[in-house]
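Close look at the chain arrangement
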Amino acid sequence: MPRNPDVDDLLSEHPDAVAGTARRVRAVLLDAHPQLAEQVRRGWHSINYRDPAAGFVCAVFPREDRVQLVFEHGARLPDPDGRLTGTGRQVRALEFTTPDEVDPAVVVPFLDHAVELGAGLRAR
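Let us look at the structure shown here. What you are looking at is a predicted structure, and each value in this text was computed from that prediction instead of being measured.

Let's shift gears to the pairing of strand β5 (residues 92-96). Counting buried positions along β5 gives 4 out of 5 residues, so the element sits mostly inside the fold. Bridge count for strand β4 (residues 67-71) against β5 is 5 bridges, and the pairing is antiparallel. Residue pairing across strands places Q68 opposite E95, the latter belonging to β5.

Structure follows, in structure tokens:
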């Protein structure tokens, strides 16, 4: 996985548990979809991910005691096990407090659906 000094700089502001969890989420995202372009957004205090066909797909938000993986169109994603948090009209998030909680078997299907959904919305 490429080293992005902006990501390292952003995560250096957080406790080791949060930084480690964010790095684990990042690794799962980029391993599953290496085409994602990564950008640190200082104003949002996030690491954002864009897909060439789908546009903005998701963002990692390191918080004081947890990491949120926010999906841009999360309210439209299938969630039969009720893992996504949020009640807004558009976004939903997966939340993690330790790197061990970041299970690719959970994260990747949400990411796959998010990329597919975003590409479909942009193709209209």
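Continuing now.
Before going further, it helps to spend a moment on the side chain of N48. Mapped onto the elements, N48 comes out in strand β2 (residues 46-51). A polar atom in the side chain of N48 sits 2.6 Å from the side chain of S46. Apart from residues lying up to four places away in sequence, N48 is in contact with A37, E38, Q39, R41, F56, C58 and A59.

A few words on the nonpolar core. Judged by nonpolar contacts, the single largest core of 33 residues is most densely connected at L29, V60, L69 and F71. Going through the elements one at a time, α1 (5-11), α2 (16-32), β2, β3 (55-62), β4, β5 and α3 (104-123) are the ones with two or more residues in this core. With residues near it in sequence (within four places) discarded, L29 still touches L36, Y49, C58, V60, L69, V107 and L111. A59, F61, V70 and A93 belong to the second largest nonpolar core, which has 5 residues in total.

Attention now moves to the packing of α2 against α3. Two numbers describe how α2 lies on α3: the axes approach to 10 Å, and their chain directions differ by 55 degrees. With respect to their mutual orientation, α2 and α3 come out oblique. Along this stretch, α2 crosses α3, giving a crossing that reads as right-handed. Side by side, α2 and α3 meet where R24, V28, L29 and A32 of the first sit next to P104, V107, V108 and L111 of the second. Looking at the contact of α2 with α3 residue by residue, the classes come out as 7 nonpolar, no polar and 1 charged.

Right, let's talk about the sheet that holds β4 for a bit. Pairing within the open sheet is antiparallel, and its 5 strands lie in the order β1-β2-β3-β4-β5. Looking along the sheet, the strands with just one partner apiece sit at the ends: β1 (37-41) and β5. When the angles between neighbouring strand axes are averaged without regard to direction, this sheet yields 20 degrees. Pairing of β1 with β2, which is carried by 5 bridges, proceeds in the antiparallel orientation. Within β2, the residue paired with V40 across the bridge is I47. Across the sheet, α2 lies against β1, β2, β3, β4 and β5, angled at about 35 degrees from β4, the strand it touches most.

Examined against the element boundaries, D112 turns out to sit in helix α3. According to the relative accessible area criterion, D112 is partly exposed, its value standing at 35%. Remark: the alpha-carbon pair of D112 and A32, spanning 80 residues in sequence, is separated by 8.4 Å.

Attention shifts here to the pairing of β3. When you tally the buried positions in β3, you get 8 out of 8 residues, the bulk of the element. As judged from the 5 bridges shared by β2 and β3, these two strands associate in the antiparallel manner. Paired with R50 across the strands is F56, a residue of β3. Hairpin connection between β2 and β3: a loop of 3 residues separates the two successive antiparallel strands. In this structure, β3 lies alongside β4, joined through 5 bridges in antiparallel fashion. Bridge pairing in β4 links V60 to L69.

Calculation notes
- Residues numbered from 1 in each chain as written.
- Predicted model: local features only at pLDDT ≥ 70, side-chain atom pairs only at ≥ 80, totals over all residues.
- Heavy atoms only, no water.
- Buried < 20%, exposed > 50% of the residue type's maximum accessible area, 1.4 Å probe, protein only.
- Helix = DSSP H or I, 4+ residues; strand = E, 2+ residues; numbered from the N terminus.
- Pairing = 2+ DSSP bridges.
- Polar contact = N/O pair within 3.5 Å; in protein donor to acceptor, adjacent residues only side chain to side chain.
- Contact = heavy atoms within 4.5 Å.
- Core = buried A, V, L, I, M, F, W, Y, C linked by side-chain atoms within 4.5 Å.
- Axes fitted to C-alpha atoms, helices over the stretch in contact; angles between N-to-C directions.
- Parallel < 35°, antiparallel > 145°, perpendicular 65-115°, else oblique.
- Left-handed = near helix turned anticlockwise from the far one by under 90°.
- Nonpolar A, V, L, I, M, F, W, Y, C, P; charged D, E, K, R; others polar.

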